[in-house]
Amino acid sequence: MQLIPCPWCGPREEAEYHYGGQAHIAYPDDPQGLTDQEWAQYVFFRDNPKGPFAERWMHSAGCRRWFNAVRDTATHRLLTVYRSGEPRPEVPTP
Amino acid sequence: MTLADVEHPDFLWRNPDPASGYDVVVVGGGGHGLATAYYLARNHGIRRVAVLEKGWLAGGNMARNTTIIRSNYLWDESAAIYEHALKLWEGLEQDLGYPLLFSQRGVLNLAHTLQDVRESRRRVYANRLNGVDAEWLEPEQVAEVCPIVDISPDVRHPVLGATYQPRAGIAKHDYVAWGFARRADEYGIDLIQDCEVTGLDIRAGRVVGVNTTRGRIAAGKVALAAAGHTSVLAAMAGLRLPLQSHPLQALVSDLLEPVHPTVVMSNAVHVYVSQAHKGELVMGAGIDSQNGYGQRGSFHIIERQMAAALELFPVFARAHLLRSWAGIVDTTPDASPIVGLTPVAGLYLNCGWGTGGFKATPGVGWCFAHTVANDEPHPYNAPFTLDRFTTGALVDEHGAAAVAH
Amino acid sequence: MTAPFRLPGRGLVDQGTDLEFSFDGRRYTGHPGDTLASALLANGVHRVATGIAYRRPRGIMSAGVEEPSALVQIEEPFPEPMLQATTVELYAGLVARGPAGRGRLATAADPARYDAVHAHCDLLVVGAGPAGLLAALAGARDGQRVVLVDDQPRPGGSLLGTAERVDGLPGPEWAAGVVAELAALPDVRVLSRTTAFGHYDDDFVLALERRTDHLGFDAPAGTSRQRVWRLRARRTVVATGAHERPLVFPDNDRPGIMLAGAARTYLHRYGVLTGRQAVVFTTDDSAYAAATDLVDAGVTVAAVVDARTTVPEAWAEQCARRGIEIRAGEVVTGTSGSERITRAHTAPYAGGRLHGPRRGVDCDLLLVSGGWNPVAHLYSHARGALHYDPARGAFLPTGDLPNLRVAGAANGRATLADCLADGAQAADAPASTRASIPVSAPVPATEPVPDQTPGLVLWSVPDPAETDGGEPRPRFVDLQRDATVADVLRATGAGLRSVEHVKRYTTIGTAHDQGRTSGVIASGIVADALGADIATLGTTTFRPPYTPVAFAALAGRDRGALFDPVRVTPLHAWHTAHGAEFENVGQWKRPRCYPRPGESMDRAVLRECRAAREGVALMDGSTLGKVSVQGPDAGELLDRLYTNLISTLKPGAARYGVMCGVDGMVLDDGTVIRVAEEEFLLTTTTGNAAKILDWMEEWLQTEWPHLRVTLTSVTDHWVTVPLVGPDSRAVLAAVAPDLDVANAAFPFMTWRDATVAGIPARICRISFSGELAYEVNVRGWEGPRLWEALIAAGEPYGITPYGTETMHVLRAEKGYPIIGQDTDGTVTPQDLGLGWAVSRKKPDFIGKRSFTRAENLRPDRKQLVGLLPEDPSLRLPEGAQLIATAAVPAPPVPMLGHVTSSYRSAALGRTFALALVKAGRERIGDTLYAPLEEGVHPVRITDPVLYDKEGTRRDG
């Protein structure tokens, strides 16, 4: 049970959240203009690093807001959280 | 005799240092990697093979899974490869000359809602037409197969029936891996432990070797069989895959007198449980939703799992959790694996088995070896290409896994 | 009555109170404060179990959670398998037995209750021994919120089992004084009988409190038996002590062979002598205290066998004073006895080999001490790295973790004074965050102890048979698994180099012990066999839980109805009172049908269907998900999410809509009404309500935050009652006199606000049945009044309540799919024949791009069609597969599709079905075959709309 600091509510237990996968994957400006390969990249392909990963969370049992986090997938440690729309902050590599 | 209940062979494998090069380097010394190496030699006469394992052989998901074997998958493509595997399982103890504690005690997949019933019966009809043994059982028949399941209609998620595959069952995971490893070693294949791949040597679009913590090793072909770590390896070749790695937990109880004669899986309440030969209950928990390579899951998943188990099996109340652990499962968008060629010549991919890799071990070893040896997929893994995510020809098996992923 | 091995007046048990209990069918007496083990030993019972593989008698090895041998089955008050006799607190009426390696589960349901509690603190201290008590005291005096957990019923840890004094007081008394001070502080919580069993991410510690186990039959029914504490601590001090390591030698498993420290604990804590004539076999100093304490209590110690050639001088003096023979440089090479040890054999030992003749010594107790293993489990769970200390032959914690520190014996401290000193400063923050004033407690005084003589690391004593050529004797490494040194050597001989492989090959460390006693020894034996360095070889990983935890304790209260919340509508009481049969749909209970007394479900459904088609019927549709979408950009958001245009909807109108995933597969469907210029209300399928709200929120918040829209779930705000059938207009008119219900005034796919039976209502003219229908919505609490009013007004027309089954039949007759039943995540709107609901005007919407992928353009995609079995009485099973030929070829048989819905139709006077069939629309009129259990049945493919294809009935 991780303790995740919601940028609006503060630290809350993992069970209050919903995971949303990789962050900063924008919906394409013109999906109809993409090749099948490019569209497949958007729909199905996500990074899966072992280490710091910018990912999305929703505080579904709290403020119900989406936000982003950088979490180390090797240690599960939350390195930083930030609000949707904000750029990924620099995180010192652990 | 120890409690292992089997007489292990006196000798399992050499512990060689890596040679300067091999025809095929298999990356990942788990069940899939070892089986692939074995079938490369056995079926294709390719013996200049090394299996590189960064830790100890079969120490990843192979050592951490709940050992359920079945082939009752919905879609034709899945049923074909898993049934191929099950047929191999049925002759595997003899083929490997190793007691695998393979026990065809049957698997029950419970249905708890009317929609479960529809989907279950659909799968049964499909299985039969695909040559997979399958039956639909009414609740009373479920109780005949497994008397400790609570079939009372008054529980929160009553059992409305189950699919039953009599030929399904369990095996002892470690012994399966060791059986393949021993035979591979006998063929002269080098099983190299404590050897982590740190880079793939790719020249002009073709892989020619691997860099490892034990030096560079030249390779005619490289076959990736690294489960949860596949994305990390593929990234060394510049490949981005539709994979996400998650923690998946499992646990065992203390040793109990025989109480559970079969394997029970329940999608709706997230339980899968069997009783191993020694007497411990072996149970799978849910998958953590977030990505993770830590081989540790969240405890609330275990607590939820226990609540679910007691819904179905009230008699388990005072069994004790003795040990819990986690593996790293690599999941795909359609819950089906990716087995086949890559854009890099000589580099082959076997990954994305999610929670279902153990049961496929001999089948995928067979097919992946064929793929590597012939540079083209075996018919059984031909549908499981990377390309399907572009064309949309998915094999959507979300209903088949006992955990929601 | 005093048991034969109980010392009157000694120990911390209440010898004035007798507790009767039964073990293996015999009755015994013990006292409050006893464990089952101590009570058995007081009665001279050493043999308590049977080895699982070799069926050898097994005794009590330890006095605590490290017990690898004395696993017992509790039979009464309630069966519980495989508990350690050393951890079962004794109570009156306990019935237990010693099984042969496997436990038995109760067949009856466990009557006990279990629960869980969350707690937060600044400082969590695990272990109320000398180090833990001082750490807790330091933190508490500093004003921190402290939680102190300890697995014993009373504080003191090791002090309970030694005669050591602290601050001039007997150890247990000093410990009780510290706890009294702690308990008096406002922000300190002391939890006894509580075992911290796992450390998880973000400093989350799980602990199990055994609240009523020790009360036996007197446990109050209303109190939870066990409680899981979910502790979140800023910092944790692990002061969990050390476990004495047994020694491995031939026949080292006989009852009467026991850890030296355990014998001392039985003496001091329980007032129990574990034998009359003892031999002590040791490799370090600590066992000498056991030898001298036992002699002082009246036991004869026939010999101290010390594997070291240099014995500690001070202890040698103590032994000499008591007439104890010391056999220095010797080891125990074997034992005799069956139910109990009768004799030990010793021989000189040096350089890893036996030298010289063997000598026997009679005994009924053999105490062993092979050094100490720090209990570093929680540190390991927290990913602390252990390092090997060659002097101790043990793996020790390597420094502090950011928020976790190990103290005392768990940190490798050997003496009481060192443990106290370590604990006193353990509450202080680690160096990087150290406050200006260190948090510490004064270190209390202890008695002087002799200087330590270095211990000898001895993983296993050679079997004399190796040199004598006699019969080899088993040397057990794991007593519960019956795994021996020979097994380990066989494993290394087979080529195994990893301790994890050896563990799996031999099963060592896989039982209750979980490597606590056997792990390091097995590593040592492997290292010796391979000539490898144990430091690099390591030991097997400690994994949670530290001690076994009952499944039921982890399940807690989340059982039965609380396993998954049950949701019911405000009309539930009516449904129940009127004989509804319920179906679980998501978390909801929905009436499936309302069978009359003696009526089968099939007949009930036919009756309900007939009422809806020929008269009037009503159902509870309140479970439909409802989302209120408000804001200037509400229409724009809906245009992006639905496949069809929504923004052009006029206030007062309703539209059917389909949502797809980005993959183009149908996600959900429902109706959308425009309430006002900037307000829409949409419905979702019952099971998808939460998912669809989440889906919409995700797009709104993460992709289009600039859209000015708010989303609110209003599912529970409304009671929704579809009023269906040719007579529905008349019934509605009767209860809504102010509403013009004429078709022209209130046409199909519009909605009106009106007063119905005196209740403000919103009425939508939509139909999921193909009949004239009105969906009446009122505020939830007014639902029952509305329902009763409609029933009353409809009485002249024979108004009939109907359930989900009838709803399914009615919609299937019209070819309307149910998302999730007729679809499976691989179906597009086009596949369902819903191409008309896919906008060609909108430049984009979610899913559009995927429609043009190669797979979605295939002409042989599965499409929704109707099926008419050739036998009009045959109701095809849902899920049945369809094939091309009447004869079933050999597998694999090509499958062309499957039945998704199948019913008897009152309106059609026959059975029918819906199916997804490859290129189905092209096959209309063709015959396919459904191979069922009892034969192959021909079915004709039809248009999915089988009833009122022209749609004339919906206008009444």
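Reading guide: rules and limits
- Residues numbered from 1 in each chain as written.
- Chains lettered and ligands numbered in written order.
- Predicted model: local features only at pLDDT ≥ 70, side-chain atom pairs only at ≥ 80, totals over all residues.
- Heavy atoms only, no water.
- Helix = DSSP H or I, 4+ residues; strand = E, 2+ residues; numbered from the N terminus.
- Rg over C-alpha atoms; globule rule 2.2 N^0.38 Å.
- Buried < 20%, exposed > 50% of the residue type's maximum accessible area, 1.4 Å probe, protein only.
- Contact = heavy atoms within 4.5 Å.
- Areas by Shrake-Rupley, 256 points an atom, 1.4 Å probe, with all protein chains shown as cover.
- Lys, Arg positive; Asp, Glu negative; His and termini not counted.
- Charge placed at Lys NZ, Arg CZ, Asp CG, Glu CD.
- Pairing = 2+ DSSP bridges.
- Axes fitted to C-alpha atoms, helices over the stretch in contact; angles between N-to-C directions.
- Core = buried A, V, L, I, M, F, W, Y, C linked by side-chain atoms within 4.5 Å.
- Domains from an automatic or database assignment.
- pLDDT = per-residue confidence, 0-100.
- Buried area = accessible area lost by both parts, 1.4 Å probe.
- Salt bridge = Lys/Arg side-chain N within 4 Å of Asp/Glu carboxyl O.
- Polar contact = N/O pair within 3.5 Å; in protein donor to acceptor, adjacent residues only side chain to side chain.
- Parallel < 35°, antiparallel > 145°, perpendicular 65-115°, else oblique.
- Left-handed = near helix turned anticlockwise from the far one by under 90°.
- Nonpolar A, V, L, I, M, F, W, Y, C, P; charged D, E, K, R; others polar.
- Phe/Tyr/Trp six-rings, centres within 6.5 Å; stacked < 30°, edge-to-face > 60°.
- Expected span 1.5 Å × (residues − 1).

**Section: the overall build of chain C**
Next, step 1: From N to C terminus, chain C includes 21 helices and 51 strands.
Next, step 2: Computed over its C-alpha atoms, the radius of gyration of chain C comes to 38 Å, more than 25% above the 30 Å expected for a compact globule of 956 residues.
Next, step 3: Dimensions of chain C, computed from the C-alpha atoms along their principal axes, are close to 115 × 70 × 55 Å.
Next, step 4: Within chain C, buried positions represent 63% of all 956 residues.
Next, step 5: Here the contacts in chain C between residues at least 6 apart in sequence split such that 64% fall between residues at least 24 apart.
Next, step 6: Accessible area for chain C stands at about 33,500 Å²; split by element, carbon and sulfur atoms hold 52% of it.
Next, step 7: Considering chain C, the positive charge centre built from 99 side chains and the negative charge centre built from 112 side chains are found 3 Å apart.

**Focus on the overall build of chain B**
Next, step 1: The number of helices and strands found in chain B is 10 helices and 18 strands.
Next, step 2: For a compact globule of 405 residues, the expected C-alpha radius of gyration is about 22 Å, and chain B comes in at 21 Å, within 12% of that figure.
Next, step 3: Taken along its principal axes, the extent of the C-alpha atoms in chain B is 65 × 55 × 40 Å.
Next, step 4: Out of the 405 residues in chain B, the part that is buried amounts to 71%.
Next, step 5: Taking as baseline every contact in chain B between residues at least 6 positions apart, the subset at least 24 positions apart corresponds to 77%.
Next, step 6: Counting 32 positive and 41 negative side-chain charges, chain B places the averaged centre of each group 4 Å from the other.

**Concerning the sheet that holds strand β43 (residues 759–764) of chain C**
All names here are of chain C.
Next, step 1: In space, the six strands of this open sheet follow the order β42-β43-β44-β41-β35-β45, with mixed pairing throughout. The strands lining the two open edges of the sheet, one partner per strand, are β42 (751–756) and β45 (800–801).
Next, step 2: Relative to strand β41 (residues 718–724), strand β35 (residues 617–618) runs antiparallel, the two being bridged by two bridges. Counterpart to A617 in the pairing with β41 is V724.
Next, step 3: Where helix α19 (residues 728–735) meets the sheet, its contacts fall on β41, β42, β43 and β44 (773–779), and the angle it forms with β44 comes to roughly 35 degrees.

**Regarding the nonpolar core**
In a soluble, globular protein the nonpolar side chains are often hidden away together inside.
Next, step 1: Ranked by internal contacts, the top residues of the largest apolar core, which has 87 residues, are B:W89, B:F180, B:L191 and C:V477.
Next, step 2: At eight residues, the largest contribution of residues to this core is made by helix α3 (residues 76–96) of chain B.
Next, step 3: Lining this core are residues from two domains, each supplying at least three of them: domain 3 (465–537) and domain 6 (859–956) of chain C.
Next, step 4: Residue contacts for C:V477: discarding those within four places in its chain leaves C:V248, C:A483, C:T484, C:V485, C:V488, C:I508, C:S518, C:I521, C:A522 and C:I525.
Next, step 5: In this structure, C:Y28, C:A70, C:V88 and C:V305 belong to the second largest nonpolar core, which totals 80 residues.

**What to know about the confidence of the model for chain C**
Residues shown with low pLDDT carry predicted positions that ought not to be read at fine detail.
Next, step 1: The predicted model of chain C averages 95 in pLDDT, with 99% of residues at 70 or higher.
Next, step 2: Prediction confidence for the complex, expressed as pTM and ipTM, is 0.95 and 0.97 respectively.

**Remarks on the interface of chain A and chain B**
Next, step 1: With 24 residues of chain A at the interface, the matching set in chain B holds 27 residues.
Next, step 2: Here chain A and chain B share an interface that buries about 2,100 Å² over both sides, 51% of which is from carbon and sulfur atoms.
Next, step 3: Counting the surface chain A buries against chain B, the share from its top three residues, A:F44, A:F45 and A:N48, is 33%.
Next, step 4: Here chain A and chain B share one salt bridge between them.
Next, step 5: Note that B:R240 is salt-bridged to A:D47, the shortest N-O span being 2.7 Å.
Next, step 6: Viewed at the interface, chain B and chain A are joined by 16 residue pairs in polar contact (both at pLDDT 80 or more).
Next, step 7: Mapped by element, the contributors of at least two residues to the side of chain A that touches chain B are β3 (18–22), α1 (36–44) and β4 (52–58) of chain A.

**So, the domain arrangement of chain C**
Next, step 1: Domain boundaries assigned for chain C yield domain 1 (1–108), domain 2 (246–370), domain 3 (465–537), domain 4 (572–622 + 717–810), domain 5 (625–713) and domain 6 (859–956).
Next, step 2: Of note, the centres of domain 2 of chain C and domain 4 of chain C, computed from C-alpha atoms alone, are 85 Å apart.

**Some thoughts on the interface of chain B and chain C**
Next, step 1: Opposite the 80 residues of chain B that make contact, chain C presents 102 residues.
Next, step 2: For the pairing of chain B and chain C, the buried interface totals around 8,000 Å² over both sides, and the portion due to carbon and sulfur atoms is 55%.
Next, step 3: When residues of chain B are sorted by the area they lose upon contact with chain C, B:L129, B:R156 and B:R318 head the list and together hold 12% of the total.
Next, step 4: Counting across the interface, chain B meets chain C through 11 salt bridges.
Next, step 5: Looking at the side of chain B that touches chain C, the elements that each hand over two or more residues are α2 (61–64), α4 (114–129), α6 (173–186), β12 (244–255), β15 (280–287), α8 (299–312), β16 (320–331) and α10 (388–391) of chain B.
Next, step 6: It is α4(B) that provides the largest number of residues to the side of chain B that touches chain C, a total of 10 residues.

**Overview of the packing of helix α10 (residues 485–493) of chain C against helix α12 (residues 519–530) of chain C**
Between two packed helices, what matters for the description is the angle formed by their axes and the separation of those axes.
All names here are of chain C.
Next, step 1: Two elements in contact, α10 and α12, have axes separated by 10 Å at closest approach and are oriented at 50 degrees. The angle between α10 and α12 falls in the class oblique. Considering only the axes of α10 and α12, their crossing is right-handed. In this structure, α10 uses V485, V488, L489 and T492 to contact α12, whose residues at the interface are A522, I525, V526, A529 and L530.
Next, step 2: Residue composition of the contact of α10 with α12, grouped by class: eight nonpolar, one polar and no charged.

**Examining the pairing of β16(B)**
Next, step 1: Most of β16(B) sits out of view: 12 of its 12 residues are buried.
Next, step 2: Of the pairings in the sheet, the one linking β12(B) to β16(B) comprises 10 bridges and is antiparallel in character. Following the sheet pairing, B:L248 is matched in β16(B) by B:G327.
Next, step 3: Pairing geometry for β16(B) and strand β32 (residues 549–550) of chain C, over two bridges, is antiparallel. Residue B:L321 lies in a different strand from β32(C), and its bridge partner there is C:V549.

**A closer look at the packing of aromatic side chains**
Next, step 1: All chains considered together, the criterion is met by 41 aromatic pairs over all chains.
Next, step 2: Taken together, a centroid distance of 6.5 Å and an interplanar angle of 85 degrees make the contact between A:Y27 and A:W39 edge-to-face. In this pair, A:Y27 is assigned in the loop between β3 and α1 and A:W39 in helix α1, connecting sequence segments 12 residues apart. Both residues of the pair, A:Y27 and A:W39, count as buried.
Next, step 3: Ring plane angle 65 degrees and centroid distance 6.1 Å describe the contact between C:W574 and C:Y594, whose orientation is recorded as edge-to-face.

**A closer look at the pattern of salt bridges**
Side chains bearing opposite charge may pair, as long as their charged atoms lie close to each other.
Next, step 1: All chains considered together, the criterion is met by 85 salt bridges over all chains.
Next, step 2: Here C:D694 and A:R64 are joined by a salt bridge, their closest N and O atoms 2.7 Å apart. One end of the pair, C:D694, is in helix α18 (residues 689–702); the other, A:R64, is in the loop between β4 and β5 (66–72), on a second chain.
Next, step 3: Given the relative accessible area of 24%, A:R64 is considered partly exposed.
Next, step 4: One network of salt bridges, in which partners are shared, links C:R56, C:R58, C:D251, C:D253, C:R254, C:R473 and C:D482.

**Concerning the side chain of C:K626**
Residues and elements named next belong to chain C.
Next, step 1: Topologically, K626 is positioned in strand β36 (residues 625–630).
Next, step 2: Despite its burial, K626 pairs with no opposite charge; the closest candidate is E775, at 7.5 Å N-O.
Next, step 3: Within the local environment of K626, its side chain forms a polar contact with the backbone oxygen of L624, the two atoms lying 2.8 Å apart.
Next, step 4: Not counting the four nearest positions on each side in its chain, K626 is found in contact with L681, L682, T683, T712, S713, V714, T715, W718 and T720.

**Quick look at α4(B)**
All names here are of chain B.
Next, step 1: Taking 1.5 Å as the rise per residue, α4 with 16 residues should run 22 Å; its terminal C-alpha atoms sit 23 Å apart, in good agreement.
Next, step 2: Among the 16 residues in α4, 13 count as buried, and that is most of the element.
Next, step 3: Once α4 ends, the next one or two residues include G131, with phi positive near 80 degrees.

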